[in-house]
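Spelled out, the chains give:
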Amino acid sequence: MFGRLLWNLLRASRARLAVALLALISGAAVTSALINLDLDMERKLTQEFRTLGANLVVSSPGAAAGEEGNTGSPDLLEESVLTKIEAARTPAVVAVAPYLYLVAQGGNGQPVVVAGTWLDQTQKIEPWWKLEGQWISSRADLGRCIVGRSAARQLGVTPGSPVELRYLDRTVKLTVAGIADAGGTEDNQIFVNLPVAQQLAGRAGRAGLVQLSVAGSSKEIQTFADHLGAMLPSLQVKPIRQIAEAEGRLLDRIRFLIFAMVVLILVLTALCVLATMAALAMERHKDVGMMKALGGSIDRIVALFLSEVSVLGAAGGLIGYLIGIGLSRWIGERVFGAAITPRLEVLPITMALMIGIALAGALPLRLLGRVRPAIILRGE
């Protein structure tokens, strides 16, 4: 009997209940999309920040991290350091690139900065570089180089051109594989595989510093830095604060914005449901009076109406969750260039929120318990 009464109530007031259901679906769709975004945002945001380059630097105590080193400095890193860093590598480490810098002379006698590195790893650390020509993807390719845009203009070279580099009494002859447009100081440099720079500088097995790109939050990056620092106690292992801290601040701000938007959406949804239920309560006061006159208990009548709005909340939460999956995918593709992965745990959260909002908005229906049967039977 209770189920039949509930079904008849839903059918009899389907026009007004459709308005409340639409509000619940809309609120659930936006809420579930934002919750999905929040749960997957850290991973997507971390991927975006990885395109900004290295976020961890290993150097000797006397060297300035990220600065072009003097090859005559005693602060060069031994080859064993690279072996230890590779041994400590975890799935979170996107790339590891040692660097050895020196100022050589080009074929026209003009000075140019030469950066020796692992070019296959540099491509992962600096994925935004625009390249004319070919990238060098093998560490064994010792006969070619990548020339920055400004350095190529200075030396007058193009992809396929020969270039000669001299340092003291040593000379190497290379072929330009590609011209890189990085938009920074890299445009003034020539990039070669590390053994070429070591041969030119006369520093076999040495590097000036090591750059790492590590995925994860700023805390996770710091944890990895502490672990690596414990393995290399004589060296400096420092996160690049500008990137790590900017990532943490941006993540906190986006999460606060998502929380504020979810609260606002829930409040607006509750107000819409409240207005709909207030109008519905005005229509039902006669039905309630008749039920009470026929012996219906107030607890059973209120339970009937609360069950009605709970069904609405559950239906709105379920439908809104399905719509929210598509909405979150659209947001992910527009913002991060990749779809947000839907989370199944968002479904019960969304349904619970919508049921709670529906019950909160059903306050006018609870007031129907005060209706007096005698007044309704007299037609007042």
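So, how was this worked out
Residues numbered from 1 in each chain as written. Predicted model: local features only at pLDDT ≥ 70, side-chain atom pairs only at ≥ 80, totals over all residues. Heavy atoms only, no water. Helix = DSSP H or I, 4+ residues; strand = E, 2+ residues; numbered from the N terminus. Buried < 20%, exposed > 50% of the residue type's maximum accessible area, 1.4 Å probe, protein only. Contact = heavy atoms within 4.5 Å. Areas by Shrake-Rupley, 256 points an atom, 1.4 Å probe, with all protein chains shown as cover. Core = buried A, V, L, I, M, F, W, Y, C linked by side-chain atoms within 4.5 Å. Phe/Tyr/Trp six-rings, centres within 6.5 Å; stacked < 30°, edge-to-face > 60°. Lys NZ or Arg CZ within 6 Å of the ring centre and 35° of its normal. pLDDT = per-residue confidence, 0-100. Patch = residues over 30% accessible without salt bridge, like charges linked within 9 Å, V, L, I, M, F, W, Y side chains within 5 Å. Salt bridge = Lys/Arg side-chain N within 4 Å of Asp/Glu carboxyl O.

Enquirer: Which parts of the structure should I look at to understand the overall build of the protein?
Expert: Regarding its fold elements, the protein presents 12 helices and 10 strands. Looking at the protein residue by residue over its 380 residues, the buried ones come to 45%. When contacts within the protein are restricted to residue pairs at least 6 apart in sequence, those whose partners lie at least 24 apart make up 79%. Here the protein displays about 18,500 Å² of accessible surface, and carbon together with sulfur accounts for 60% of that area.

Enquirer: So what exactly am I meant to see when it comes to the nonpolar core here?
Expert: One recurring pattern in soluble globular proteins: nonpolar side chains tend to sit buried together. V58, I85, V147, L165, I190, L212 and L228 are the most contacted members of the largest nonpolar core, which has 46 residues in total. Every residue in contact with V58, bar those within four places of it in the chain, is listed here: L77, I85, L209, V210, L212, L228, L232, L235, Q236 and V237. Core analysis: the second largest hydrophobic core is formed by 19 residues, L17, A28, L266 and I340 among them.

Enquirer: What's the story with the packing of aromatic side chains in this structure? I'm lost.
Expert: Any aromatic ring pair is given by two values, namely how distant the centres are and how the planes are angled relative to each other. Counted by the stated rule, this structure contains three aromatic pairs. Ring plane angle 10° and centroid distance 5.7 Å describe the contact between Y99 and Y101, whose orientation is recorded as stacked. Residue classification places Y99 among the buried positions, given a relative accessible area of 3%. The class for Y101 is buried, based on a relative accessible area of 9%. Here the aromatic residues W129, W135 and F191 are joined through ring pairs into a cluster of three or more. Above the face of the W118 ring, R139 is positioned so that its terminal group lies 4.0 Å from the ring centre.

Enquirer: So what exactly am I meant to see when it comes to the confidence of the model for the protein here?
Expert: Detailed reading of the predicted coordinates is not advisable wherever pLDDT is low. Taken over all residues, the pLDDT of the protein has a mean of 80, while the share at 70 or more is 74%. Of the regions scoring below 50 in pLDDT, residues 64-74 engages in 21 contacts with residues more than four places distant in sequence or in other chains.

Enquirer: Can you walk me through a nonpolar patch on the surface in this structure?
Expert: Side chains of F259, V263, L264, V267, L268, L271 and L274 sit close together on the surface and give an oily, nonpolar patch of about 630 Å² of accessible area. Here L264 is to be found in helix α8 (residues 241-293).

Enquirer: Which parts of the structure should I look at to understand the pattern of salt bridges?
Expert: Pairs can form between side chains of opposite charge whenever their charged atoms are close. For the structure shown, the criterion picks out 11 salt bridges. Taking the shortest distance from any N to any O, the salt bridge between R149 and D181 comes out at 3.2 Å. Here the residue R149 occupies a position in helix α5 (residues 149-155), and D181 occupies one in strand β7 (residues 170-181), the gap between them amounting to 32 residues. Since its relative accessible area comes to 35%, R149 is described here as partly exposed. Notably, a salt bridge pairs D169 with R170, separated by 3.5 Å at the nearest N-O pair. For D169, a relative accessible area of 68% translates into the label exposed.

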